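Structural characterization, general
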Amino acid sequence: MLKVGCEGFPIGQDRYWRAFSFVEAKTGERMPRPATLAKWKAGAPRGAEFALQAFRLITHGREDRGFPEAGQKLSRSRQDRCGAFRESLEASEAWVSTKAAAEILDAKIVVFETPISFQPGPDSLRDMYRFFKDASRGRLTFVWHSRGAAWQTRLIERVCADLGLLRAYDPLKETAPKQGAFRYLRSRGPRVGTLSVDELSTIRLAAQEAPSCLVLSHRDAYRDGVRLLESIAAHVSGRSR
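This write-up is about the structure you can find in this document. Computed from a predicted structure; not experimentally measured.

All right, on to the environment of Trp144 then. By secondary structure assignment, the location of Trp144 is in strand S5 (residues 141–146). Between the C-alpha atom of Trp144 and that of Val111, which follows or precedes it by 33 residues, the distance is 5.9 Å. Not counting chain neighbours up to four residues away, the residues in contact with Trp144 comprise Phe112, Thr114, Met128, Trp151, Ile156, Val159, Cys160, Leu165, Leu166, Arg167 and Ala168.

For Phe85, which is not glycine, the phi dihedral falls at a positive 60°. Position of Phe85 relative to the elements: it lies in the loop between helix H4 (76–79) and helix H5 (89–105). Judged by relative accessible area, Phe85 falls into the buried class, the value being 0%. Of note, the phi angle at Asp106 is positive, near 55°, even though the residue is not glycine. In this fold, Asp106 is placed in the loop between H5 and strand S4 (109–114). A residue is classified by how much of its surface remains accessible, and Asp106, at 44% relative accessible area, is partly exposed.

Counting 59 residues, the largest nonpolar core has Trp95, Phe112, Met128, Phe132 and Phe142 as the members making the most contacts within it. Apart from residues no more than four positions distant in its own chain, Phe132 is found in contact with Phe85, Phe112, Arg137, Phe142, Leu163 and Leu165. With 10 residues, the next largest nonpolar core counts Val111, Leu166, Tyr184 and Val215 among its residues.

Here Ile109 lies in strand S4. Classification of Ile109 by relative accessible area gives buried; the value is 9%. Remark: the alpha-carbon pair of Ile109 and Thr36, spanning 73 residues in sequence, is separated by 19 Å. With residues near it in sequence (within four places) discarded, Ile109 still touches Ala51, Leu52, Leu140, Thr141, Val143, Phe182, Tyr184 and Cys213.

Conventions we followed
Residues numbered from 1 in each chain as written. Predicted model: local features only at pLDDT ≥ 70, side-chain atom pairs only at ≥ 80, totals over all residues. Heavy atoms only, no water. Helix = DSSP H or I, 4+ residues; strand = E, 2+ residues; numbered from the N terminus. Contact = heavy atoms within 4.5 Å. Buried < 20%, exposed > 50% of the residue type's maximum accessible area, 1.4 Å probe, protein only. Core = buried A, V, L, I, M, F, W, Y, C linked by side-chain atoms within 4.5 Å.

Spatial relationships are all this shows, so hold off on functional conclusions.
Written as structure tokens, this is what we have:
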């Protein structure tokens, strides 16, 4: 089973929910107010599901692309305590905000995307292990998506196994996890234009091996998501004949 959705709402929510039943809420760079989150939840149809992004004061420092707007309003000393899973009041408050948002959206998945600057090393691993061992997750599934090329797949999978994380990956650029009964796929797609037929096929085949969620985040994510669902429906129909 494949749940297809976009990063945020690229179009009006009414139209979006007519096509999809899943979305990864864009809460990483800007955490919406509780009233806004409640409005999103109220506007979703029965059975629709939310994942959400961890507030990036946890993962991103002030020099990282995508550093939250709220972080830019902090003093320089407080900004220096943000990101890289540092043990700080700023990270703790960001996690409290993230967990509260998950409760409002009734989300089951929280995605932690780390920037290119977050590289493997004794300090980063120490802080990451401490954060995830201390974070109260309840029934939440924690997904980690590393943007740093220095993180080799073997190390990522070892960290995920140690900390009970699910490794997110882009099926167009990365190999699928070797283990796991569930997969979380995140694809940025092309900078310009839409996914090719071969790329749609690659994504569809990657999701056949285990129940999966797919998040598309490029400019034509909505259009390509609809095309993918149509491709899946046609494939299933062809197999049933």
